[in-house]
Amino acid sequence: MIRVLIADDQAMVRTGFGMIIGAQPDMEVVGEAADGVEAVAEARRLRPDVALMDIRMPRMDGLQALRLLAGPEVTDPVKVVVVTTFDLDEYVHQALRGGAAGFLLKDSGPALLVEAVRAAASGDALVSPSITVRLLRHLAVPVAPSGDGGLSPRELDVVRLTARGQTNAEIAAELFISVGTVKTHLGSIHTKLGTRNRVEIAAWAWERRLVG
């Protein structure tokens, strides 16, 4: 079971996320927190597999709590997925630098929330597709194409769709393959490219102008 802590100052949000997480056969909610101070204390006490963290919370904001739980100087970091209403590049940069294992908008939907929790638990990182695409458009510097990285044509298809911010389920539907096959392709892509997560796959594709 993936043990999840939910930290948000809105009780309705905590309840909603709790219902989504609780409906998954491989997840359980082990605790809640209504502010940043409580989130840090509960995360250290409960040691959840994944913590869902809002940014704007009383007493201590989510970014500060994130740094205390998952920052570069933390020896035993907690995997924190930031889930917020505020789609600001400044927040995204601070969260990723602070050690976040994901960054989602609250309107991303249940499927992406669940996928982000599973990704974080497995050591991957998932960022809301719209944010990923925007960041890479701004930050990725195109380089001269240097081969296909040894990827098969189908793996390149998966790379392109990943770089457009599509989820595993969306990639599977577009390519008429199973979600399990998508995961197998992603594992092979990580091995061939030396990437650690979807964001790095997307960056590789954008740098090589594989995405229009």
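Up top is the structure.
Rules behind the numbers
Residues numbered from 1 in each chain as written. Predicted model: local features only at pLDDT ≥ 70, side-chain atom pairs only at ≥ 80, totals over all residues. Heavy atoms only, no water. Salt bridge = Lys/Arg side-chain N within 4 Å of Asp/Glu carboxyl O. Helix = DSSP H or I, 4+ residues; strand = E, 2+ residues; numbered from the N terminus. Pairing = 2+ DSSP bridges. Contact = heavy atoms within 4.5 Å. Axes fitted to C-alpha atoms, helices over the stretch in contact; angles between N-to-C directions. Core = buried A, V, L, I, M, F, W, Y, C linked by side-chain atoms within 4.5 Å. Buried < 20%, exposed > 50% of the residue type's maximum accessible area, 1.4 Å probe, protein only.

Peer 1: How should I be thinking about the pattern of salt bridges in this particular structure?
Peer 2: Any two side chains of opposite charge can pair, given that their charged atoms come close. What the rule picks out here adds up to 10 salt bridges. A salt bridge links Arg 14 to Glu 32; the shortest N-O distance between them is 3.2 Å. Highlighted residues: Arg 14 in helix α1 (residues 11-22) and Glu 32 in strand β2 (residues 27-33), separated in sequence by 18 residues.

Peer 1: Looking at this structure, how should I read the sheet that holds strand β5 (residues 102-105)?
Peer 2: Paired through backbone hydrogen bonds, the strands of a sheet run either parallel or antiparallel to each other. In spatial order, the strands read β2-β1-β3-β4-β5-β6; together these six strands make up an open sheet with parallel pairing. Pairing within the sheet leaves two strands with one partner each, and these edge strands are β2 and β6 (126-127). Looking at chain direction, strand β3 (residues 50-53) and strand β4 (residues 80-84) are connected through three bridges and run parallel. Pairing of Leu 52 across the sheet is with Val 81, part of β4. Across the sheet, α1 is in contact with β1 (2-7), β2, β3 and β4; its angle to β2 comes to roughly 165°. Sheet contacts for helix α3 (residues 62-70): β3 and β4; angle to β4, the most-contacted strand, approximately 175°.

Peer 1: Sorry, what's going on with the nonpolar core here?
Peer 2: Proteins that are soluble and globular tend to have nonpolar side chains buried together. In terms of nonpolar packing, the biggest core is built from 28 residues, with Met 53, Leu 66, Leu 69, Val 80, Val 82, Ala 95 and Phe 103 touching the most fellow members. Those elements giving two or more residues to this core turn out to be β1, α2 (36-46), β3, α3, β4, α4 (89-97) and β5. A per-element tally of this core places α3 first, with five residues. Setting aside anything within four residues of it in sequence, one finds Met 53 in contact with Ala 7, Ala 39, Gly 62, Ala 65, Leu 69, Val 80, Val 81, Val 82 and Val 83. Judged by nonpolar contacts, the second largest core, of 22 residues, contains Ile 6, Leu 104, Val 117 and Leu 126.

Peer 1: Can you walk me through the environment of Val 182 in this structure?
Peer 2: For Val 182, the location among the structural elements is in helix α9 (residues 179-193). Spatially, the C-alpha atoms of Val 182 and Ala 169 are 8.3 Å apart, while their sequence positions differ by 13 residues. Beyond its immediate chain neighbours, meaning those up to four positions away, Val 182 contacts Asn 168, Ile 171, Ala 172 and Ile 177.

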